Structures are given as C-alpha cells and as structure tokens.
Amino acid sequence: MLEFPTWKKVMLWGIALLGALAALPSIFSLTNTAWPEQLPNPTVNLGLDLAGGSHILLEADPAQVEASRLEDMEEGVRNAMRRADPRIRIGDVSTEGGQLSFLLSDAADIDRARAEIEGLINGTGPVREWDLQVVDGQRFVLTQTAAGLENAVDEAMEGALRTVGIRIDGLGTREPTILRQGDTRIVVQVPGLQDPEQLKELLGKTAQLEFKLVQRQATQEEVERGFVSGGEVVPYAADARGQGFGVVVERLGGISGETLTSAQQSFDSRTNEPVVSIAFNPEGGNKFRVMTTQYTKRQFAIILDDEVISAPVMQEPIVNGQSQISGSFTVESANNLAIQLRSGALPVDLAVVEERTVGPDLGADSIKQGMLAMGIGTLLVMLLMIVTYGRFGIYSTVALVINVLMLLGIMAALNATLTLPGIAGFVLTIGAAVDANVLINERIREERKRGRRVMAAVENGYKEASRAIYDANITNFIAGVLLFNFGSGPIKGFAVVLVVGLFTSVFTAVPLTRMWVAGWLRKTRPTDINL
C-alpha cells in the first residue's frame, strides 16, 4: 500500500498533468481569451446547440428511384437482347404507366428472351424485384414489385446518407450530425456554419455526371417539349446558354461519373480559368479512349444533373484517362463541383424541405448557465467533502479539479464535440467522481471502527471500495457505449462525456488519491486519522 515506486509516481503525475494541460486551450477559448499561436491548440468542438450553426432537412422522392430503375431496366434489356446469340430483335419499347413493355419481332424467341432477362428481374436480394407478364404471345411487360421498390428506396437513402457525409467532410466542418429521419428524409446539422447557402448548394445537387455524344443542337421548342424521337433533349445550364438552347444526345450509352477516381479544382494552362480536372479508373479510361477515338471531331456533351455545362468538340483522342471540365466556374464553384464528383453522385435527388440557422447567442447563454451550475455544484461538493472527511476530503477535492480538467483535455485531444447534454454529463461525472471517494472514505471509517490500525484500515478501505467502484463504472460504461452506438446527435455527445468521464473519475479517485494518501502516511506515520 505504501510502496509507490518513483516510475509509478511519475507516470500518474504525468498522465494527470498532460490531461490538465490539454484542457487549457479549451478553457481559453470558452473564456474568449487569446491562446498563443505558437503552442498546440487542441480545443473542444461545440455542438449546434452551443455554437449555433445550420440545420437542414432533406427529402427524397421515391418516384425518382422508380423512374431510374425503369430506365436502367430498359438499358439492361436492350443489352441482354443484343448479346444473345443469335441476337433477339425487339421493338415498340414503352415505359408508360411505370411499366416496361417491349414486343418480340419473332414469337419463337419467347423462351430465349425470358431466359436472357431472368437474372435482371430476380436481382441479387431475397425478394423478387420485378414481375413479368407475357401478353398476346409476343409482348413482355415488366412491373416493379412493391418489395423491390422499397428495397431500392432504402438502398438509395443509405447511399445518399454516405454521400452527404463525404461532401460535408470535404468542407472541413467538424462533427456534423447526419442521420436518417423516417424512410425518405435526412437531417443535417453543421455546427459553426452560420450561412447555409453553401451547404444547400453542395447537398442539393445530385452531381450525376455523364459524357454523351451530341447528335445535333436542339431548338427552343424541343427543349420545352423535353423529348425527340430517337434521342434525348438536354438543356444548357444557365452559365452555358450562350451556346444555344440545348442539345440532342444519344439516349442510352455514354460514360457516367461512377468511373471517376479523382476530381480536383485546378486552372486551365492556356486561359488560367478555374476548371475541374478529372481522372477515370481503367474501365472508364478505356471507354473514354474508345469513345473519343471513334468520334474524333464530334461534339460531346458534359452533362451534370440533367444540364449541359459544356459541349466541346473532341479534337483528338484522349488516351490517358484524364480530362478537364470547363465552364463559367469560380474557384469556389469549381471546388464545390470537385467535392461533389469525388463523393459520387447522389442516388436520388434531395430537396431542402426545412432549413434554419441557430445563432450563437443561445449557445453562449447555455454555456454560461451550464458553467455556473457546474461551478456552484463543484464548490458545494468540495465544501461538503472537506467538512466531512478533513484531509481526505481535501485530497478528494483536488482530485475532482484534476478530473474535470482531464475530461476537458481528453475531449479536446479527441476532437470531440460538447453539446448541452454534454454539460449535463460533466455535472454527472463530478457526482460520480465524488461518489467513489465517499465509498473509499466510508470504508476506511468502517475499518477503523472495527479496530484496525491506520495503515491496515486505509489499505483495506481502498481495496474493498475499489471493487464496488469498478463494478459500478463498468455498468455505466456499457450503458454509455450503447447510448453512443444507438443514439444520435446530443445523445452521442452525452455518451462521449459519460464514457470519458468514467475513466478520468476512476483514475483520479482511486490511484491518484491513493498515491497522495500513501505519501502522507509514509511521511507522518499517524496513529489516528480524522474521518
């Protein structure tokens, strides 16, 4: 009990001091005091409820997922029939009424056609994706099942959730809250971002990039009508309308942005204008090489979210899998487009249905009131401990102060976020830390009443009380981990403070105070203690 080797003392004091020192930048920040720039600056991030920021609610339209699956199925069916040996000819293809129907040129091919598309309609999941009917002996009708559409919407929302997270991380924001709400909604909260316009622009674009061969320029009437026979009408984006109203492109085929491996904002070497430099993976690079080689001197449309942002003429084949997207970009808009392309296209469009900006004033008041409550509670607890346990109470109060500093320092080092429930977690941690010291001191008092000597009473007190302390904190740790894994937003903030506080409170209440008590006992050898 009394033997604390030098290395152990240095270790305990080192951990305590490092944790306390890591809290200083956060304390300076919370008190609006300048911190020296030449020193490390780990600080606790403040959540939306404390620092203010932007709150956006996004919603997807399941009908778009249904239409996208219908288009993909049409292309899949055409490719399957084209690959069949011998080729199966089809005609009168229609997607009206949310169904895909097509007519076989030869009724004798019905069994072969069914076999070719069987894999497409079954999918890879546990449910059947499409229902197949044969009408009038030659017409196939494919209808999406409710279960298949539900799975597709769920997969699209999970993909959108990942993409939104990547895009927001690209902005350099800290600890955003991104979570699903219901079946088709996503909540985004970004602390510290007072202007939501950049966020809305970044998240509102699908960033579906396509390269398609241009058949011809479209007239204003065709753009307004939205379709032509044998092609697809795509209007020019607002920044590119000097080139015309729109273009007619090949409806199927082309190259999609899914094969991109990188996208970076850069500058054109000739004009010094902001551009987006892109690179394809081997599959996309090979397609791009074949396409530009086969159609050299032809016009290509670079289509972003169903708008043409540029329509250059390919003067020569592009064989290295790299290209540039040019347009009327600013540095900021080019960087945002690069972020969108790097994160991948959203599987479904997300519309902003609710937005609000939380000012920092309410958060500052919450911090002030929370710190005041924590300060008053800490002082009262310290006073009670000193009055009740004397010297041992002083040790407990010093350990309590170090505990709070270590908790703040570790959260700063972990780049954790402090929310309003997190402040409640701080107050709870103070109570838990004091509770451990109360258990130890009361156990020592009981040992003295049983007639044990001071040394034996203190040793048994720490030994026996530690069991109860560890059991209680393990239970709280499990609860904190569950809250963090299954909670979101403020609940996670509370769980982080709770879990980190468990470690700091046990460290300061047991080994740290035990070292101090051991040093005092070894130095003075008292015959009695005031407990």
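Here is what the cut-offs are and how they apply
- Residues numbered from 1 in each chain as written.
- Predicted model: local features only at pLDDT ≥ 70, side-chain atom pairs only at ≥ 80, totals over all residues.
- Heavy atoms only, no water.
- Helix = DSSP H or I, 4+ residues; strand = E, 2+ residues; numbered from the N terminus.
- Buried < 20%, exposed > 50% of the residue type's maximum accessible area, 1.4 Å probe, protein only.
- Polar contact = N/O pair within 3.5 Å; in protein donor to acceptor, adjacent residues only side chain to side chain.
- Patch = residues over 30% accessible without salt bridge, like charges linked within 9 Å, V, L, I, M, F, W, Y side chains within 5 Å.
- Areas by Shrake-Rupley, 256 points an atom, 1.4 Å probe, with all protein chains shown as cover.
- Salt bridge = Lys/Arg side-chain N within 4 Å of Asp/Glu carboxyl O.
- Core = buried A, V, L, I, M, F, W, Y, C linked by side-chain atoms within 4.5 Å.
- Contact = heavy atoms within 4.5 Å.
- Pairing = 2+ DSSP bridges.

## Some details on the side chain of Gln144
Checked against the element boundaries, Gln144 lands in strand E6 (residues 139–144). The class for Gln144 is buried, based on a relative accessible area of 11%. Within the structure, the side chain of Gln144 is placed 2.6 Å from the side chain of Arg69, a separation counted as a polar contact.

## Some details on a nonpolar patch on the surface
A cluster of nonpolar residues, Tyr470, Ile474, Phe477, Ile478, Val481, Leu482, Phe486 and Phe503, forms a patch on the protein surface that exposes about 810 Å² of accessible area. Counting residues per element, the nonpolar patch draws most heavily on helix H14 (residues 454–486), at seven residues. Along the chain, Leu482 turns up in helix H14.

## Topic: the nonpolar core
Phe392, Met411, Phe426, Val458 and Leu512 are the most contacted members of the largest nonpolar core, which totals 49 residues. Every element with two or more residues in this core is listed here: helix H1 (6–22), helix H11 (360–389), helix H12 (391–413), helix H13 (420–449), H14 and helix H15 (490–524). Leaving out residues up to four positions away in the same chain, Phe392 has contacts with Asn441, Ile444, Val458, Val517, Trp520, Ile529 and Leu531. Val276, Phe280, Phe288 and Met314 belong to the second-largest nonpolar core, a separate cluster that totals 24 residues.

## What about the pairing of strand E11 (residues 231–235)?
Sheet topology note: the strand E10 (residues 227–228)/E11 ladder contains two bridges and is antiparallel. Note on E11: the bridge partner recorded for Phe227 is Glu232. What sits between the antiparallel neighbours E10 and E11 is a turn of two residues, in which Gly230 has the positive phi angle 80 degrees. As paired strands, E11 and strand E12 (residues 246–249) are joined by four bridges and run antiparallel to one another. The residue bridging Pro235 from the neighbouring strand is Gly246, located in E12.

## Overview of the environment of Ala107
Inspection of the secondary structure puts Ala107 in the loop between strand E4 (99–104) and helix H5 (110–122). Exposure remark for Ala107: the relative accessible area of 36% places this residue in the partly exposed category.

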